[in-house]
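One-letter residues, chain by chain:
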Amino acid sequence: MYLVQRRIRRRVNTPTADPHTTDPLLRQTRSTGDEVGCKKFFVTQNKIKWQWAPAFLGFWVLLYWSISVPAFHRLPEPLSIKDETKYPDRFIAERAEINLQNLIELGPRVVGSAANEQGVVKYFMSKMQKLRSEVLSTYEIEADVQVASGSYVHWEMVNMYQSIQNFVIKVSPKGTNSTSYLLVNSHYDSVPGGPGAGDDGTMVAIMLETLRVLIKSKQPLRHPVVFLFNGAEENPLQASHAFITQHKWAKNCKALINLDSAGSGGREILFQSGPNHPWLMKHYRRAIVHPYASTVAEEMFQRHFIPSDTDFRIFRDHGRVPGLDMAHQYNGYVYHTRYDRPEIIPRGTFQNTGDNVLALVREIANAPELDDTSKYSEGHTIFFDVMGMFLVFYSETEGTILNVIVSISAIITCLYSFKMMANTTGLKFHKVLKRSIYTLGVQAVAVIFAAALCFLMGVMMDVMHMPMSWFTNSWLIFGLYFCPLFFGFAIIPALYFNMSKDDRFPIGFSVQLLLHCHCLVLVFLTLLMTVCKIRSAFMLMLAILFYTTGLIVNLVTKLHNRPTSWLIPHMIFGIPPFLFYSYLSHGFFVTFIPMTGRFGASVNPDLIICAFTVGVGILTGGFMIPVLNLFKKSKTIISSLLVVTLIFVIVAATHIGFPYRSETNVQRFSVLHTKRVFRDPNNAVRRVETGYFIMPQDRRTYSVKNKVINMTLAETIEADCQREMLCGLPLYNHRWHKARASSVWIPGPEPTFDNMPHIKIKAKNQISKTKIRYEFELSGPDHMALFIKPLNDADIVNWSFHYTPLRMNWKPPYFIYFSYGVDGTPLNFWIEFERPSADWSKLILEIGVSGHWNHHEYMLTKDFKKFLSSFPKYVDATAWPASYETWQF
């Protein structure tokens, strides 16, 4: 017995200082020794008590509401007229506000209207007289009223204008010989029926006050400044094209500050710069008083995610003028509606934008680069503001280098952490690496599942006839889309951890491994976006940078070995990027939620919100939501997110989820009281229809079905789209052209017209056996459109319109938009046709003409007014009479 006992080898678990020689199980036991003192209040059995989960989630919500949201909405204290003596060189918000009120009193300023072509010009003339009386002797001030005609191609149509106007003022240092000017632009015209206070009356008022301060200030200007008040932006963009291609000062304009709006109030965002002129951003950073700028917004705008356009594109494409494009975007609910009034614009908005514009004008007008901007064309930039406090900008090349360095550093740090996990647990490195690969797959599945769940909710809300429930109460997005997204993020790893329990690999390491894998996913996406020249990759790079920094701190302090203590550096370094992302995301939601009200009936806006939610969720929650797996009852906590979603769906089904509110959050419709006349090959009338042509602007057309007169008689225009050219509708512009299939037609009484469109053949000449030329004359109201379709193997080989559609072989029918301002002389045009044979006995052309009386309120009939009044109060119906008539030749 004694001999047997001597052969038994006893295992003695003696702690040593060397972790590599200590038993792994003992090492794990030792690591739990930090559960002492107050830590027992939070932690039990290496997990955080489940009661602290609401506090953990609430902490991030509190950061969002208490810091990010106020930072976005912060406006400076406005200056009043009584402050002028104390601050003679400062922008005075009250004066700008008065300018806006005087402009709005003229009424809607549609191209061709008396208010736009006479009233505004007279107003500017009176302002000019006052400015001349106040200008210092060190400046010279000149004014010019430009009347111009021309054309260009805008998306899918030829945009043609005649006798539209610009009011241009130039301020120059006396005796200057500089031939390089700074151009500052905004537009004074408005959409039909809209006061146009936000778009773009506010910017016009700010320009006038900026001009007043400049000419009275002793601060010098090195270069002249041209203030362009353009009179036809809503047509669209005609007046800027007229200036940059025809005005006598245009060739000297070497840089641009463009001021526009997609909302009413708030701060103006810089969302386009250059292109390829980083010196502009250098001066923006140096001069700007209240920074708000985003490369992300620039890339989204230039990729047409935003359903809008600005004069910036015209100056860039037709004048090669680099510049800065700035716009208000807050409260887009009233944009292009009759509720775009001056009283809803806070005075702080004038001060915020005025301070910035005045500082930028002084800075760029004194910039040495303005002498020859071509020398400083050096590529794109990456720029963003940090919570409105300061601006960060660097070149695209520097951004590429930074992205690569941060990504490589993250990979190395994560690999080193894997090695430390192996040492601590006693597992071999390749096993930890293998586990990390599995975890990486789990994380990829989690992201895909979460995104799919979010989009599934978007589809379900649409199927249940509940889209846009968040349109007024945007907080519903949290429960409807963020909660299922975060559920998907967390539940897949939770199930994986439950199935792959290993006493040698504690849950703290498993969660860290999951976060490392999320970091590596972001590294891959960052490098991919960098290779694809997507400058917005900096957004992911920042998340990687702060996570890696927190990880390094954990590794240096050895907190990574402790079950929960590593969370402290992780959360501390997670706060700055969370604040930045939530600040930026709040701005995007504030901007895009109102925009969904004009995305058209064919688009499910909830899917767009889902896309934003996924992006925002990955950035704000990607490194935080997986931490829920460290809590006791983690799967119950995670599943409770779906309970929250269910509650929010129920709330969305109540009146709280109804999207619209009178005057503040309106539903939009374009309603044209229309007469349509179609002719046969002999030009005899074959069909006449009168009624209401309705163009829905959002998904919920059915919300007015039981309220509007005769809405139950509404017909789709699918049949007309099959048998008539462009559905046989009086399409107003390129957006209507694109969305025509979602239109609605309601039979109704005949409208009243004045100055009906009329087209006649002035001449017909055969150029050769296979070519023939028609000359036409078109007369009618100041807004018309031509739709031209060749017939029976005839081709249009030349015409007097812009040649691009023919050169680019656009598919007919062709769309020509035409408007005029002060001169209504009939439009003369010609078209040349060619046929394979000399047989001209068959028809060669169908031509449609639409007329729009969009500023003629006296032409609205009693029936039409009654029809419009039947729309609910939460509807803003932009309405006017319109005609459509076809001929064949």
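Just so you know, these numbers come straight off a predicted model, no measurement behind them.

Trainee: Hey, could you go over the packing of helix α4 (residues 93–104) against helix α6 (residues 197–216) for me, with residue numbers and the actual values?
Mentor: Two numbers describe how α4 lies on α6: the axes approach to 8 Å, and their chain directions differ by 130 degrees. Our classification of the angle between α4 and α6 gives oblique. Along this stretch, α4 crosses α6, giving a crossing that reads as right-handed. Across the interface between the two elements, Arg95, Ala96, Asn99, Leu100, Leu103 and Ile104 of α4 pack against Ala197, Gly201, Thr202, Val204, Ala205, Ile206, Leu208, Glu209 and Arg212 of α6. Of the residues that constitute the contact of α4 with α6, the class distribution is nine nonpolar, three polar and three charged.

Trainee: So what's going on with the environment of serine 113? Residues and values would help.
Mentor: Relative to the helices and strands, serine 113 is located in the loop between α4 and α5 (114–134). By relative accessible area, which is 6% here, serine 113 ends up buried. Along the chain, serine 113 and aspartate 782 lie 669 residues apart, while their C-alpha atoms are 8.6 Å from each other. With residues up to four places along the chain from it excluded, the contact list for serine 113 reads Pro108, Gln118 and His855. Looking at serine 113, its side chain comes within polar contact range of the main-chain oxygen of valine 110, at 2.6 Å.

Trainee: Break down the environment of methionine 203 for me, with residues and values.
Mentor: Here methionine 203 is to be found in helix α6. Taking the C-alpha atoms as reference points, methionine 203 and phenylalanine 229, 26 residues apart in sequence, are found 9.8 Å from one another. Residues within four places of methionine 203 in sequence aside, it is in contact with Ser186, Leu259, Asp260, Glu268, Met326, Ala327, His328 and Thr353.

Trainee: Please give an account of the state of the cysteines that cites residues and values.
Mentor: Tallying each qualifying case throughout the model produces one disulfide. Each disulfide pairs two cysteine sulfurs, and for cysteine 721 the partner residue is cysteine 727, the sulfurs being separated by 2.0 Å. Negative torsions about the S-S bond denote left-handed disulfides, and the value of about 100 degrees found for cysteine 721 with cysteine 727 makes this one right-handed. Relative accessible area serves as the criterion here: at 2%, cysteine 727 is assigned to the buried category. With no disulfide of its own, cysteine 414 has cysteine 519 as its nearest cysteine by sulfur position, at a separation of 4.4 Å.

Trainee: Report on the nonpolar core, specifying residues and quantitative values.
Mentor: Burial of nonpolar side chains together is a common tendency in soluble globular proteins. By size, the foremost hydrophobic cluster in this structure holds 128 residues, and its most contacted members are Trp470, Leu480, Tyr481, Phe538, Val671 and Phe867. Among the elements that make up this core, the one with the highest residue count is helix α14 (residues 476–499) (16 residues). With near-sequence residues (within four places) excluded, phenylalanine 867 lies in contact with Val671, Tyr692, Ile694, Val708, Ile709 and Ile746. Residues Val121, Tyr123, Tyr139 and Val225 belong to the second largest nonpolar core, which totals 62 residues.

Trainee: Any chance you could break down the packing of α4 against helix α11 (residues 347–365) for me, citing the residues and the numbers?
Mentor: The geometry of α4 relative to α11 is characterised by a closest axis approach of 8 Å and an angle of 110 degrees between their N-to-C directions. As judged from the angle between their axes, α4 and α11 are roughly perpendicular. By crossing handedness, the relation of α4 to α11 is classed as right-handed. Residues Ala93, Glu94, Ala96, Glu97 and Leu100 of α4 touch α11, and the partners they reach there are Arg347, Phe350 and Gln351.

Trainee: Account for the layout of surface pockets, naming residues and giving values.
Mentor: Of the pockets and cavities examined, the second largest pocket occupies roughly 1200 Å³. Taken together, 44 residues form the lining of the second largest pocket, with Tyr64, Trp65, Trp475, Phe478 and Phe482 sitting closest to its centre. Within the residue set of the lining of the second largest pocket, elements represented by two or more residues are α3 (53–73), α14, α17 (567–595), α18 (605–621) and α19 (634–652). Examining the composition of the lining of the second largest pocket, we find that nine residues originate from one element, α3, more than from any other. Across the lining of the second largest pocket, the residue classes tally to 29 nonpolar, 14 polar and one charged.

Parameters and conventions
Residues numbered from 1 in each chain as written. Predicted model: local features only at pLDDT ≥ 70, side-chain atom pairs only at ≥ 80, totals over all residues. Heavy atoms only, no water. Axes fitted to C-alpha atoms, helices over the stretch in contact; angles between N-to-C directions. Helix = DSSP H or I, 4+ residues; strand = E, 2+ residues; numbered from the N terminus. Parallel < 35°, antiparallel > 145°, perpendicular 65-115°, else oblique. Left-handed = near helix turned anticlockwise from the far one by under 90°. Contact = heavy atoms within 4.5 Å. Nonpolar A, V, L, I, M, F, W, Y, C, P; charged D, E, K, R; others polar. Buried < 20%, exposed > 50% of the residue type's maximum accessible area, 1.4 Å probe, protein only. Polar contact = N/O pair within 3.5 Å; in protein donor to acceptor, adjacent residues only side chain to side chain. Disulfide = S-S within 2.5 Å. Core = buried A, V, L, I, M, F, W, Y, C linked by side-chain atoms within 4.5 Å. 1 Å grid on protein atoms, 1.4 Å probe; cavity = no way out; pocket = protein on both sides within 12 Å on 5 of 7 lines; lining within 4 Å. Points joined across faces, edges and corners; volume = space filled by probe spheres on them.

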